[in-house]
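What follows is each chain in one-letter form.
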Amino acid sequence: MRIALATCREVPGLLDDEGRLLEDRLRARGVEAEPAVWDDADVAWSAFDLVLVRSTWDYPTRHREFLAWADAVERVSALHNPASVLAWTTDKHYLLELAGTGLPVVPSAVLEPGSDDTDPAAHPYVGVEHVVKPCVSAGSKDTLRCGPGESGRSAAHVRALLDAGRPVLVQPYLAAVDEVGETAVVAIDGAPSHAVRKGALLASGGGLVEGLFAPEDISAREPSPAETAVAAHVLEHLATPMLYARIDLLPGPEGPQVLEVELAEPSLFLEHAPGAADRLADAVVRRLR
Ligand SMILES: Nc1ncnc2c1ncn2[C@@H]1O[C@H](COP(=O)(O)OP(=O)(O)O)[C@@H](O)[C@H]1O
Ligand SMILES: [Mg+2]
């Protein structure tokens, strides 16, 4: 059996540490895993029994191309997660859908491009500390934290994103993250596996991330009962058990709120949880049968 770990060319060595760990655990199970660059036209995706999306972090400005790639791969191999799931999870409009089902979600407003009279300052979080980010984003890129008095900086960033044809998400800045951090709950084959704490990534007055992603401060964390419950509700909302899923939660005023449901290319923090890489490798092997 041979599988591809889909990645992008900017990743040094094409795989990060957890990609190499997974490669190792798969090899121990008789599965040859190799990195393959998603937009490399020379890759024969049909030669793989399964294609696992892992570190394709350069797609946000080429979203349509990325989704077309996923559709094409799915026609010739087994793609995880499936193309329809990748389409859903890579566009944070899904936060509005989740909020509509009653799940606690970080309050979110979307500004759509294409309308000349969209006022970039006319969103509900003007006047409070807030975050402006593209709906299609990864690695905190193009994500700006703006103070209550920074409406000019905020509006300029909204305008720049809209002018680039990118829908914009605006959220209040949930400041408890500065102390408590973010909780990422990882599920493998639909079942919660482990969790980590991620330190706050956006500095007050900070600019935009350069490079592929913002450096992250990660440590193991036992999720609270409330976090476990919200993550379980999100997993229930997903129609089928995903090979892998990561649910990111921020501390809100009344409990955890969903920041992100990462079903495309999440770091799964396998090296922070004993047994996690083996659980994922086992789940991959089950899908190969
Ligand atoms: N509303 C918010 N309140 C506090 N921090 C936020 C908020 N939105 C984003 N952040 C910070 O920015 C980071 C990146 O934002 P996120 O929504 O996870 O997008 P990405 O898809 O780029 O990971 C988060 O990990 C968090 O540290
Ligand atoms: Mg994130």
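Residues numbered from 1 in each chain as written. Chains lettered and ligands numbered in written order. Predicted model: local features only at pLDDT ≥ 70, side-chain atom pairs only at ≥ 80, totals over all residues. Heavy atoms only, no water.

In the nomenclature of an unreviewed UniProt entry, the protein is known as ATP-grasp domain-containing protein of Actinomycetospora aeridis.

Let's talk about the site of ligand 1
Residues in close proximity to ligand 1 total 19 residues, the closest being Lys-92, Lys-133, Ser-140, Glu-182 and Glu-260. Lys-133 is positioned such that a nitrogen or oxygen atom in its side chain is 2.6 Å from an oxygen atom of ligand 1. Residue Glu-182 places a side-chain N or O atom 2.5 Å away from an oxygen atom belonging to ligand 1. Compared with its free state, where it exposes 540 Å², ligand 1 has 98% of that area covered by protein. At a threshold of 2 Å from the grid points, most atoms of ligand 1 map onto the largest pocket. Of all the secondary structure elements, the ones that give two or more residues to the shell around ligand 1 are β6 (130–134), β8 (168–172) and β13 (255–262). Of the residues that constitute the shell around ligand 1, the class distribution is 11 nonpolar, four polar and four charged. Looking at the shell around ligand 1, you find at least three residues from each of domain 2 (94–104 + 179–267) and domain 3 (109–172). (Near = heavy atom within 4 Å. Polar contact = N/O pair within 3.5 Å; in protein donor to acceptor, adjacent residues only side chain to side chain. Areas by Shrake-Rupley, 256 points an atom, 1.4 Å probe, with all protein chains shown as cover. 1 Å grid on protein atoms, 1.4 Å probe; cavity = no way out; pocket = protein on both sides within 12 Å on 5 of 7 lines; lining within 4 Å. Sits in = over half its atoms within 2 Å of the grid points. Helix = DSSP H or I, 4+ residues; strand = E, 2+ residues; numbered from the N terminus. Nonpolar A, V, L, I, M, F, W, Y, C, P; charged D, E, K, R; others polar. Domains from an automatic or database assignment.)

Some remarks on the domain arrangement of the protein
Along its sequence, the protein is carved into domain 1 (2–89), domain 2 (94–104 + 179–267) and domain 3 (109–172). Computed over C-alpha atoms only, the centres of domain 1 and domain 2 are separated by 22 Å. Counting residues at the interface gives 17 residues for domain 1 and 16 residues for domain 2. Carbon and sulfur atoms supply 62% of the area buried between domain 1 and domain 2, which totals about 1,500 Å² over both sides. When the area that domain 1 buries against domain 2 is broken down by residue, the three leading residues are Trp-57, Asn-81 and Trp-88, summing to 46%. Applying the counting criterion to the domain 1 and domain 2 interface returns zero salt bridges. Put simply, the parts of the chain that give the side of domain 1 that touches domain 2 at least two residues each are β3 (50–55) and α3 (83–89). (Contact = heavy atoms within 4.5 Å. Buried area = accessible area lost by both parts, 1.4 Å probe. Salt bridge = Lys/Arg side-chain N within 4 Å of Asp/Glu carboxyl O.)

A look at the sheet that holds β6
Strand order in the open sheet formed by four strands is β5-β8-β6-β7, with antiparallel pairing between adjacent strands. The open sheet has two edge strands, β5 (109–111) and β7 (144–146), and neither has a second partner. Strand after strand, the sheet turns through a mean of 25 degrees between neighbouring axes, direction not considered. Pairing of β6 with β8 involves five bridges; the strand directions are antiparallel. (Pairing = 2+ DSSP bridges. Axes fitted to C-alpha atoms, helices over the stretch in contact; angles between N-to-C directions.)

Here's the deal with the environment of Leu-212
Take Leu-212: it is sitting in the loop between β10 (191–198) and β11 (218–220). For the pair Leu-212 and Thr-56, spaced 156 residues apart in sequence, the C-alpha separation works out to 10 Å. Once you skip the residues sitting within four places of it in the chain, Leu-212 turns out to touch Cys-8, Glu-10, Val-11, Trp-57, Asp-58, Gly-139 and Lys-141.

Looking at the nonpolar core
Among the nonpolar cores identified, the biggest contains 50 residues, and Ile-3, Trp-45, Val-51, Trp-69 and Leu-79 are the most heavily contacted of them. If you list the elements that add at least two residues to this core, you get β1 (2–7), α1 (17–27), β2 (32–37), β3, α2 (63–76), α3, β9 (182–188) and α8 (276–288). Tallying contributions element by element places α8 first for this core, with eight residues. In this structure, this core is formed jointly by two domains, domain 1 (2–89) and domain 2 (94–104 + 179–267), each of which donates at least three residues. Once you skip the residues sitting within four places of it in the chain, Val-51 turns out to touch Ala-4, Ala-6, Trp-45, Trp-69, Val-73, Ser-77, Ala-78, Leu-79 and His-80. (Core = buried A, V, L, I, M, F, W, Y, C linked by side-chain atoms within 4.5 Å. Buried < 20%, exposed > 50% of the residue type's maximum accessible area, 1.4 Å probe, protein only.)

Quick notes on the environment of Glu-23
Structurally, Glu-23 can be placed in helix α1. Under the relative-accessibility criterion, Glu-23 is labelled buried at 16%. Excluding its chain neighbours within four sequence positions, the residues that come into contact with Glu-23 are Leu-5, Leu-15, Ala-33, Glu-34 and Pro-35.

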